[in-house]
Amino acid sequence: MYSFERLFRLHSGKEHLRKKRIVVPHSTEDEELSELLKLYKGNKIRTTKYSLLSFLPKNLFEQLHRFANVYFIFLAALNFVPVVEAFQPEISLIPIILVLSVTAVKDIWEDYCRFKVDHLINRLLCHVYCSTQKTYVDKCWMDVRVGDFVRLSCNEIIPADMLLLYSSDPRGVCYIETANLDGETNLKQREVVSGLPLQGVEFTPESFCSRIECENPKNDLSRFRGYIEHSSGVRIGLQSSNLLLRSCTIRNTETVIGIVVYAGHETKAMMNNSGPRYKRSQLEKRLNMDILWCVVLLIIMCLSHGLWLKNLNDPVFQVDDETSPALAGFYVFWTMIIVLQVLIPISLYVSIEVVKLGQIYFIHNDLALYNEQLDSRIQCRALNITEDLGQIQYLFSDKTGTLTENKMVFRRCSIYGVEYPHEENGKNQYYCSYALKFMYLCWCHIFNILNNSVIRSVIQGNQTTFGNGKCFLFLKTKEVVPDPQLVRKLKLLCSPVVHLSDCSSGNTSTLELSYITDFFLALAICNTVVVSSPSQSPHEVNTGQESKREAASLKEMDSDGDTHSELLYEAESPDEAALVHAAQAYCCTLRCRTAESLLVDLPGLGSLAVPLLHILPFDSNRKRMSVVVRHPLTGQVVVYTKGADSVIMDLAETPKEHAQEIYSHIREQTQKHLDSYAREGLRTLCIAKKVPLLEEYDVWLKDQLLAESSIENREELLLASAERLETNLTLLGTTGIVDRLQEEVPETIETLQRAGIKVWVLTGDKQETAINIAYACKLLHANDQLLTANCGSKNACAALLEELKLEVQCGEGSMTDLTARVESSLGSVAGFILVIDGRTLNWALQEELKSNFLELTCRCKAVICCRSTPLQKSQVVQLIRDQLGVMTLAVGDGANDVSMIQVADVGIGISGQEGMQAVMSSDFAISRFKHLSKLLLVHGHWCYSRLANMILYFIYKNVMYVNLLFWYQFFCGFSGSVMTNSWVLIFFNLIFTSIPPLIYGILDQDTPADTLMEQPELYQAAHTSKVYVPNMFWITVLDAFYQSLVCFFVPYFAFAGSDVGELSFGSPINTSALLIILLHQVIESKTLTWIHILVLVLSGSSYFGFVLLFSVLCVTCSPPTNPLGVETLQMSQPLFYIICILTIVMALLPRLLLRALHNTLHPSAVLKSDQMDRMNAEKYSRRMLCWTRSHSRGNRLSVCADNAGLEPSVAEVVS
């Protein structure tokens, strides 16, 4: 009875798990809840693919997904059937076993590396509360269960997703670093669940009797829904700020205690750990098609025996009377399939993987792609699409952090409609990277953050050091030089003799001073900045009256001293830090932040505690953030808001009649300043405030508390609540922050465009800002014609697209006539540049207008998409990729670029200032935009050229060798006999000719790197004249057929009428075939080094060594034939060498002649470039030789830098 009830409870518990999760302490006395906790997954993780029992079947099943493996396994099994047996069955197993074994060993090694990481992580220790011992004991991570209380100290890594119940910080907060999770090194604040006992007092798990109900495990890192029900029956809503996520690190907090709610593979970190995506390259897709053609060719060759025998009056091969002719033909067909199986390159797939690993090794170790400042090199996260780097046609780039530095400097501001240009800030935008590294080491020493270096090296993706974090990169933004005009006005606040009501000396009204004060107060407090100092952690900065200092006199603003240089600001974005430092430059300094208040220094007022009532965080839908505070002087509730100008200007209040003229003037002037900032390429933010009525605030507060405690639709309710409060705002002013371009961005974009790559910029910035940046990075030139698309409706968008198409069509003719003159004068080709905003783009991407938009963009040299959302970015990339069938590349640095990166054929992440989300979702990761030119133009070109030529070479050598066996069948009645022993037949492609193609695919260089960088047009030329296309495949097959004919029939006619055996006849054929194949590679190679020569010599030597030893030692190794003494006898006769030489010359001579003729009549761009380089070098050498001779005869002065008299004669000779 008990067992039945227990089973019933377990079943009901599983049903309940599908709806929601209930968590109680593990020591609960409730038997039903205790059984429920056991149903949750443990904390042990396992990222390996195989186990000891599952490896063999699972790995074999995965390898059978490749058609070639299935094909060869089938043929190996077929060879065991006696009626179709072609040669020894055991020998036929060697190639497929070797290929499967090599792949299996690679998979085992990769899985073993994952196992070691899992084992190390699972064995990490943490402090878990034991109810029987009434204390915390050490337990391995894998032994932690849902419902356990875990205590963590500073710098320890969180073992599971835990609900924060206690913090040693009296404010009930703790700080975590999420670098292991998303790559961001700035600290994030987490809060203890409200309603629990006072913090700072030791937490006792026995006293915790609350019940937690939350959502089932989900992979959304920023979302957590649930509530905690206290023993009193009160329910408190839970949010993501209460959750400590696995793999994050506790920082600047002595002790925290939490209860585990998700463990192991149900944690958000593990649910997001999907690993790198698998992408198939275009070359691999083409290869699969050609493999199928090889199968078709093989079937045709095998069926041809029937047609051949049918035309013979006296068949040379008779079947016995017991077997019907149809069945005999069926047997012969499969025998021929086994004999000619070498036509399918079994080792090609393994060779491709080896070659790609070699290519990635050289890319990874290229010093030109190494960033010494950040100590980071390129990361190749996708191992199977390196060749696609050489076929890119469209490049989609983010702007902020990708083209620009994403290191902000406060440049300008406008307050009360008055602009303050801050001219000196534009001259002070440099910082010292070595100083940053030094400060990082000091910070590490103080906080001892290097204790966890072992685990940091274990968890993948955490290659970003804390020194590269945002808190130190923001040190340079401190260098803000106050504007003199604004300083004079602020001095009035400190003057004891000048009252706010009488400001005639500065022509400054009371209202303007009020705007200025509120403006800088908003800059200081409207953020989520964490304040700390080198000697104190954020929660240790004193907030009492004893720590308050008198504000520095504004007279000291003109000096270079920094009265608060000890403060460190750790912000979630560079914009926030730049604004806080700007406020600090005007002595409006954020000194400390707590959960309930902010300590701010105000000019003339000293340190004031500002009660913090609410924070309405930034939201991509609202495009703004707000703080609700109680003003320290007036006691009023004030809402300070900052956000995008397009949003704040719409939310500005309608002025009353008596103030209409003032407010209208402020709004009008501010809008002018915004437009001016955008034209200068500055990032703009509007600052506003609101003083709600007490009744209005009370009503809003009730709705806000209801939304915060809500379980269902919590995000929607919070969004609606924030929008209700953020209305009728008073516009205070605007800020302009400069985000300078990365180094060599203009040169890189110009180089990519010369390479035939269309560059699109997809950004969320304003249209004017994007256009200005486009001019700065040379995407947009003075001679280009700008097309703008800004529409408010779908019909207007359709009409505008048609109008722009006509304009482009009419303008192309006239622009073509002027291109030569414009190009000669300005150095660039004129074209059309389309600039489209997000709202119009939304219409253009719809099905009805998609074709018109595509037609228009195809005629434009570049496209700039402004105010675009992450979804629109991915939609644009997908549209171009699918509709035009082109190779696309997307590059970005932030989380908003992830979808675009994943949709593109090749995704590249830049490890910048916005975390590592883009890097973790990318195929390749670089540190600077300028690295794209070397990556694409050099490595991309080489990878594609090498791999394409290697595949064609593999197909050539297999077709060439298998045709030797095919021609022999015409003389043995298609019996399946071969003129060589089985061992040579198997090892010919597997060993003797397998290594040279690998070296060819890894080291060959058709063009030097310097030439490819200096002449980007070679990238486009290689793209238009692709190496691996269908016609090249069939040309290669035909060439292989011709060479096999020569290689077979020259020995055949040489031995005609003699009595040589089949092995003696096959000896010169095998030797000639090997040398032809090796010399064919020498002809095709563009680069010959000592490595190439060594490998070629070793390949030839291995063949001769094997056949000679086989001929001397083996008597019965290859029944029914006897190879004893055959090779030694053949190689001792002159005829053998005459046949080999004649065969090699006749086989390779046509290829040499045709290649020479083609290069003469239709030289490739690479060849033209090489010829020009040689001509220029020879011409320069001749001129210098002539100059040297003329000056030596004339006894002129020796060449010297100070000898100006040499210059005219040099000019005469060179000219």
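None of the values given here were measured: they were computed from a predicted structure.

Trainee: Would you take a moment to explain the side chain of Thr993 for this structure?
Mentor: On the secondary structure map, Thr993 appears in the loop between helix H30 (982-992) and helix H31 (995-1003). According to the relative accessible area criterion, Thr993 is buried, its value standing at 1%. Setting aside chain neighbours within four positions, we find Thr993 in contact with Lys957, Phe988, Leu1074 and Ile1077.

Trainee: So what exactly am I meant to see when it comes to the packing of aromatic side chains here?
Mentor: Each pair of aromatic rings is reported with the distance of its centres and the angle of its planes. Within the structure shown, the criterion is met by 36 aromatic pairs. Taken together, a centroid distance of 5.0 Å and an interplanar angle of 80 degrees make the contact between Phe1048 and Phe1049 edge-to-face. A relative accessible area of 23% places Phe1049 in the partly exposed class. The rings of Tyr968, Phe1048, Phe1049, Tyr1052, Phe1053 and Phe1065 are connected pair by pair, giving a single aromatic cluster. Note that Arg21 overlies the ring of Tyr40, its terminal NZ or CZ placed 4.1 Å from the centroid.

Trainee: For this particular structure, what's the right way to read helix H36 (residues 1090-1113)?
Mentor: In an α-helix there are 3.6 residues to a turn, and that puts residues three or four apart on one side. The end-to-end C-alpha separation of H36 is 33 Å, in line with the 34 Å expected for 24 residues at 1.5 Å each. Every buried residue of H36 is accounted for by His1092, Val1095, Leu1096, Ser1099, Gly1100, Tyr1103, Val1107, Phe1110 and Ser1111. Of the surrounding secondary structure, the elements contacted by the buried residues of H36 are H30, H31, helix H35 (1062-1084) and helix H37 (1126-1130).

Trainee: What exactly am I supposed to notice about the nonpolar core here?
Mentor: Note that soluble globular proteins tend to have their nonpolar side chains buried in a common cluster. One finds Leu340, Met960, Leu964 and Ile1076 to be the most contacted residues of the largest nonpolar core, which totals 89 residues. For this core, the leading source of residues is helix H29 (residues 931-969), giving 18 residues. Residues in contact with Leu964, not counting those within four places in the same chain, are Met979, Ser1044, Cys1047, Phe1048, Ile1069 and Ala1073. Of all hydrophobic cores here, the second largest spans 53 residues; its members include Ala585, Leu602, Tyr640 and Leu685.

Trainee: Looking at this structure, I do not really get the pairing of strand E9 (residues 226-229). What am I missing?
Mentor: Consecutive side chains of a regular strand alternate in pointing toward one face of the sheet and then the other. Strand direction decides the pairing type here: strand E8 (residues 211-214) and E9, joined by four bridges, are antiparallel. Of the residues in E9, the one forming a bridge with Ile212 is Ile228. Linking E9 back to strand E10 (residues 235-238) in an antiparallel pair, the connection comprises five residues, with Gly233 at a positive phi of about 95 degrees.

Trainee: Looking at this structure, I do not really get a nonpolar patch on the surface. What am I missing?
Mentor: A cluster of nonpolar side chains, contributed by Met289, Leu292, Trp293, Val296, Ile300 and Trp1034, occupies part of the molecular surface with about 540 Å² of accessible area. When residues of the nonpolar patch are assigned to their parent elements, the largest contribution, five residues, is made by helix H8 (residues 282-310). Here Trp293 shows up in helix H8. Residue class for Trp293 comes out partly exposed when judged on its relative accessible area of 37%.

Trainee: What exactly am I supposed to notice about the UniProt feature "transmembrane region" (unreviewed entry) in the chain here?
Mentor: As recorded in UniProt, the feature "transmembrane region" (unreviewed entry) lies at residues 287-308, 328-350, 951-971, 983-1003, 1032-1053, 1065-1083, 1090-1115 and 1135-1154. As a span, residues 983-1003 carries 90% helix and 0% strand, and end to end its C-alpha atoms are 30 Å apart. Taken end to end, residues 1065-1083 is 100% helix and 0% strand, and its first and last C-alpha atoms sit 28 Å apart.

Trainee: Mind showing me how you'd approach the packing of H35 against helix H38 (residues 1134-1161) here?
Mentor: Axes are the key here: two packed helices are described by the angle between their axes and the distance separating the axes. Look at H35 against H38: their axes get within 9 Å of each other, and the N-to-C directions meet at 30 degrees. Taken together, H35 and H38 sit at an angle that is classed as roughly parallel. Once H35 is placed against H38, the crossing between them reads as right-handed. For the pair H35 and H38, the contacting residues are Ser1067, Pro1068, Thr1071, Ser1072, Leu1075, Ile1076, Leu1079, His1080, Ile1083 and Glu1084 in the first and Phe1136, Ile1139, Cys1140, Thr1143, Ile1144, Ala1147, Leu1148, Arg1151, Leu1152 and Arg1155 in the second.

Trainee: What exactly am I supposed to notice about the pattern of salt bridges here?
Mentor: Between side chains of opposite charge, pairing is possible as soon as their charged atoms come close. The full count for this structure, using the stated rule, is 37 salt bridges. Across the pair Glu419 and Arg412 runs a salt bridge, and its minimum N-O distance is 2.9 Å. Judged by its relative accessible area of 26%, Glu419 falls in the partly exposed class. Residues Lys805 and Glu802 are paired through a salt bridge, measuring 3.9 Å at the closest nitrogen-oxygen approach.

Trainee: Would you take a moment to explain the pairing of strand E25 (residues 683-690) for this structure?
Mentor: Counting buried positions along E25 yields eight of eight residues, so the element is predominantly enclosed. The side-chain alternation of E25 yields two buried faces, one formed by Arg683, Leu685, Ile687 and Lys689 and the other by Thr684, Cys686, Ala688 and Lys690. Taken together, the five bridges between strand E24 (residues 637-643) and E25 define a ladder with antiparallel strand orientation. Bridge assignment links Thr641 to a residue of E25, and that residue is Ala688. Looking at chain direction, E25 and strand E26 (residues 730-738) are connected through seven bridges and run antiparallel. Within E26, the residue paired with Lys689 across the bridge is Thr730.

Trainee: For this particular structure, what's the right way to read the confidence of the model for the chain?
Mentor: Low-confidence regions, as indicated by low pLDDT, have predicted coordinates that should not be scrutinised in detail. Within the chain, residue pLDDT values average 77, and 77% of them lie at 70 or more. Of all the helices and strands in the chain, helix H12 (residues 453-458) carries the lowest mean pLDDT, 32, while E24 carries the highest, 95. Per-residue pLDDT stays below 50 along residues 818-827; that stretch engages in nine contacts with residues further than four places along the chain or on separate chains. Confidence over residues 1195-1215 falls short of pLDDT 50; this stretch has 15 contacts with residues more than four positions distant or in other chains.

Trainee: Quick question: what am I supposed to make of the UniProt feature "active site" (unreviewed entry) in the chain here?
Mentor: When the UniProt feature table is mapped onto this chain, "active site" (unreviewed entry) is found at Asp398. Turning to its location among the elements, Asp398 is positioned in the loop between strand E15 (394-397) and strand E16 (409-415). Residue class for Asp398 comes out buried when judged on its relative accessible area of 4%. A distance of 3.3 Å separates a polar atom in the side chain of Asp398 from a polar atom in the side chain of Lys873.

Trainee: Could you clarify how one ought to interpret the side chain of Asp645 in this entry?
Mentor: Within the secondary structure, Asp645 sits in helix H17 (residues 645-651). Of the polar contacts made by the side chain of Asp645, one reaches the side chain of Thr684; its length is 3.2 Å. Not counting the four nearest positions on each side in its chain, Asp645 is found in contact with Leu674, Thr684, Cys686, Lys766 and Arg867.

Trainee: Explain the sheet that holds strand E5 (residues 161-167) to me, please; I cannot follow it from the model alone.
Mentor: Adjacent strands of a sheet pair through backbone hydrogen bonds, lying either parallel or antiparallel. Here we have six strands laid out as an open sheet, ordered E3-E2-E4-E13-E5-E11, and antiparallel in their pairing. Edge strands, defined here as strands with exactly one partner in the open sheet, are strand E3 (135-140) and strand E11 (243-244). Summarising the sheet, E5 and E11 pair through two bridges and their orientation is antiparallel. Note on E11: the bridge partner recorded for Met162 is Leu244.

Trainee: What should I look at first to understand the sheet that holds strand E14 (residues 379-380) in this one?
Mentor: Ordered in space as E14-E33-E32-E31-E15-E27-E30-E29-E28, the nine strands form an open sheet in which the pairing is mixed. One side of each edge strand has no neighbouring strand; the edge strands of this open sheet are E14 and strand E28 (785-789). Relative to strand E30 (residues 862-865), strand E27 (residues 758-762) is paired through three bridges, and the arrangement is parallel. Residue Trp760 lies in a different strand from E30, and its bridge partner there is Val863. Along the sheet, helix H25 (residues 850-858) contacts E15, E27, E28, strand E29 (832-836) and E30; its crossing angle with E29, the most-contacted strand, is approximately 140 degrees.

Trainee: What's the story with the packing of H29 against H30 in this structure? I'm lost.
Mentor: Remark: H29 packs on H30, axes separated minimally by 11 Å, with the N-to-C direction vectors making an angle of 165 degrees. Comparing their axes, H30 and H29 come out roughly antiparallel. For H29 against H30, the interelement crossing comes out right-handed. Contacts from Lys957, Asn958, Tyr961 and Leu965 in H29 reach Val984, Leu985, Phe988 and Asn989 in H30.

Trainee: Would you mind showing me how to read unusual backbone geometry here?
Mentor: Note: most residues except glycine have negative phi, and most peptide bonds are trans. Look at Asn155: it is not a glycine, yet its phi comes out positive at around 75 degrees. Tracing the sequence through the fold places Asn155 in the loop between strand E4 (149-153) and E5. For Asn155, a relative accessible area of 7% gives the class buried. Its identity is not glycine, yet Lys778 carries a phi of approximately 65 degrees, on the positive side.

Trainee: Help me understand the environment of Leu787 in this model?
Mentor: Residue placement: Leu787 occurs in strand E28. Linking Leu787 and Ile833, residues 46 residues apart in sequence, is a C-alpha distance of 5.9 Å. Apart from residues lying up to four places away in sequence, Leu787 is in contact with Leu804, Glu807, Val808, Phe832, Ile833, Leu834, Val835, Leu856 and Cys860.

Parameters at a glance
- Sequence order as written defines the numbering, with residues in each chain counted from 1.
- Totals for whole chains, interfaces and linings use all residues, but because this is a predicted model, local features are given only for residues with pLDDT of at least 70 and pairs of side-chain atoms are given and counted only at 80 or more.
- Side-chain metrics in this entry use all non-hydrogen atoms of the structure; hydrogen atoms and water are not considered.
- Here a helix means four or more residues in a row that DSSP labels H or I, a strand means two or more in a row labelled E, and each is numbered from the N terminus.
- Each residue is placed in one exposure class: buried if its accessible area under a 1.4 Å probe, protein chains only, is under 20% of its type's maximum, exposed if it is over 50%, and partly exposed if it falls in between.
- Note on contacts: a residue pair qualifies if any of its non-hydrogen atoms lie within 4.5 Å across the two residues.
- Only rings of Phe, Tyr and Trp enter the pairing, Trp through its six-membered ring, and a pair is recorded when the two centres are within 6.5 Å. The plane angle decides the type: under 30 degrees is stacked, over 60 is edge-to-face, the rest tilted.
- Put simply, a charge is over a ring when the Lys NZ or the Arg CZ is close to the ring centre, within 6 Å, and near the line of the ring normal, within 35 degrees.
- To estimate how far a helix should extend, the number of its residues minus one is multiplied by 1.5 Å.
- Here, nonpolar core refers to any group of buried Ala, Val, Leu, Ile, Met, Phe, Trp, Tyr and Cys residues whose side-chain atoms link them within 4.5 Å.
- Two strands are counted as paired when DSSP detects at least two bridges linking them.
- A residue counts toward a patch only above 30% relative accessible area and without a salt bridge, and it is joined to like-charged neighbours within 9 Å or, for Val, Leu, Ile, Met, Phe, Trp and Tyr, to nonpolar neighbours within 5 Å.
- All accessibility values rest on the Shrake-Rupley procedure with a 1.4 Å probe; residue burial counts only the protein chains present in the view.
- Salt bridge, as used here: a side-chain nitrogen of Lys or Arg that lies within 4 Å of a carboxyl oxygen of Asp or Glu.
- UniProt positions are given in the numbering used here, feature names are shortened, and annotations may be inferred rather than shown by experiment.
- A fitted line through C-alpha atoms serves as each axis, taken over the contacting stretch for helices, and the angle formed by two N-to-C directions is quoted from 0 to 180°.
- Orientation labels follow simple angle bins: below 35 degrees gives roughly parallel, above 145 gives roughly antiparallel, 65 to 115 gives roughly perpendicular, and whatever is left gives oblique.
- If you view the pair so one helix is near and one far, a crossing is left-handed when the near helix is turned anticlockwise from the far one by less than a right angle, and right-handed when it is turned clockwise.
- On a range of 0 to 100, pLDDT expresses the predictor's confidence in each residue.
- The term polar contact refers here to a pair of N or O atoms within 3.5 Å; inside protein, the definition further demands a hydrogen-donor-capable atom paired with an acceptor-capable atom, and it admits residues adjacent in sequence only when both atoms are side-chain atoms.

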